[in-house]
Amino acid sequence: MNDFLAWHHETLGVKVVEALTKNNFQATYCKNRQETVEKILSLIPSDASVGVGGSATIQELGLLDRLSERGNELLNHNRPGITPEEAMDIRRRQMVSDVFLTGTNAVTLDGQLVNRDGVGNRVAAMIFGPKKVIVVTGVNKIVKDTAEAEARIKRFAAPLNNKRINLPNPCTKTGECMNCQGPRRICNITTVLSKKPMLTEFHVIVVGEELGF
């Protein structure tokens, strides 16, 4: 990464961290992935159960192997080889996990987290249930406001996530949201966390790199 790009990432990242802090989130800026992983590991006790929301960002960090190696119980409904019934049970257990770990579809310059879900387990756990929530976002998800967050979700997050989980929705052909109405639509629930949920310890880590969709 060149110096100019690093400067721009850090300038925007720090600005978002300041806005998130004003909104009562515990926010941190990390310059790179390695620094981010170490920060997250410091926030999660080694005996904690860890719910994992569907997140390309978390997968890209390589964090789950580190957590598993040190003995954390991982509640990951995307684990290969499990049945639909097992995946549903894991989603329910995530709601009462010690720590819930996920990404976000967008974060605004004034410190709001914007997300769109298909099932709703990810956004539900972000709001209430787990003792601690840790959200990780790359600088590529920083947007001006909620309107721009909506546009980002339709242009990037929705088609790429549909492609990632191999669903036959129209956006996997057009590359952009087509507002499909089929039974396998994953854009069903939209949440905006404008402030930290009152009863949840909530950390947001902004990373000075591009991560996820």
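Residues take numbers from 1 onward in each chain, read along the sequence in its written order. Only residues with pLDDT of 70 or above have their local features reported here, since the model is predicted, and side-chain atom pairs are shown and tallied only from 80 upward, although totals for entire chains, interfaces and linings are computed over all residues. Side-chain measures here rest on the full set of heavy atoms in the structure, leaving out hydrogens and waters.

1. As for the side chain of T57
Link 1 in the chain: By definition, any uninterrupted DSSP run of H or I lasting at least four residues is a helix, any uninterrupted run of E lasting at least two residues is a strand, and each is numbered from the N terminus. The residue T57 is located in helix α3 (residues 56–61) in this model.
Link 2 in the chain: Should any heavy atoms of two residues lie within 4.5 Å, those residues are counted as being in contact. Filtering out sequence-adjacent residues up to four positions away, T57 remains in contact with V136, K141, L211 and G212.

2. Quick notes on the pairing of strand β6 (residues 113–117)
Regular strands place side chains that alternate from one sheet face to the opposite one.
Link 1 in the chain: Taking burial as the measure, the five residues of β6 include five buried ones, the bulk of the element.
Link 2 in the chain: Residue burial is assigned from relative accessible area. The probe radius is 1.4 Å, only protein chains are included, and a residue is buried under 20% of its type maximum, exposed over 50%, and partly exposed in between. Burial along β6 is two-sided: the face carrying L113, N115 and D117 and the face carrying V114 and R116 are both buried.
Link 3 in the chain: We call two strands paired when DSSP finds no fewer than two bridges between them. Alignment of strand β5 (residues 106–108) against β6, held across two bridges, turns out to be antiparallel. What sits directly across from A106, in β6, is V114.
Link 4 in the chain: Counted between consecutive antiparallel strands, the loop separating β5 from β6 contains four residues, among which G111 sits at a positive phi close to 85 degrees.
Link 5 in the chain: The pairing of β6 with strand β9 (residues 189–193) spans five bridges and is classified as antiparallel.

3. Brief notes about a nonpolar patch on the surface
Link 1 in the chain: Together, I127, F128, M198 and L199 make up an exposed nonpolar region whose accessible area comes to about 520 Å².
Link 2 in the chain: Tracing the chain through its elements places L199 in the loop between β9 and β10 (201–207). A patch consists of residues exposed above 30% relative accessible area that lack any salt bridge, with like charges linked at up to 9 Å and nonpolar side chains (Val, Leu, Ile, Met, Phe, Trp, Tyr) linked at up to 5 Å. Accessible surface is estimated by sampling points in the Shrake-Rupley manner with a 1.4 Å probe; for residues, cover comes only from the protein chains shown. Salt-bridge detection follows one rule: a side-chain nitrogen of Lys or Arg within 4 Å of a carboxyl oxygen of Asp or Glu.

4. As for the UniProt feature "domain: LUD" (unreviewed entry) in the protein chain
Link 1 in the chain: UniProt positions are given in the numbering used here, feature names are shortened, and annotations may be inferred rather than shown by experiment. If you check UniProt for "domain: LUD" (unreviewed entry), the listed places come out as residues 15–207 in our numbering.
Link 2 in the chain: Structurally, residues 15–207 comprises 38% helix and 24% strand, and the distance from its first C-alpha atom to its last is 12 Å.

5. Focus on the sheet that holds β5
Link 1 in the chain: Pairing is mixed across the open sheet formed by four strands, whose spatial order is β8-β5-β6-β9. The sheet terminates laterally at β8 (142–143) and β9, the two strands that pair on one side only.
Link 2 in the chain: For β5 and β8, the ladder comprises two bridges, and the chain directions are parallel. Within β8, the position partnered with T108 by the bridge is V143.
Link 3 in the chain: Packed on one face of the sheet, helix α7 (residues 146–164) meets β5, β6, β8 and β9 and runs near 35 degrees to β6. To obtain each axis, a line is fitted to C-alpha atoms, and for helices this fit is confined to the stretch in contact; angles are then taken between N-to-C directions over 0 to 180 degrees.

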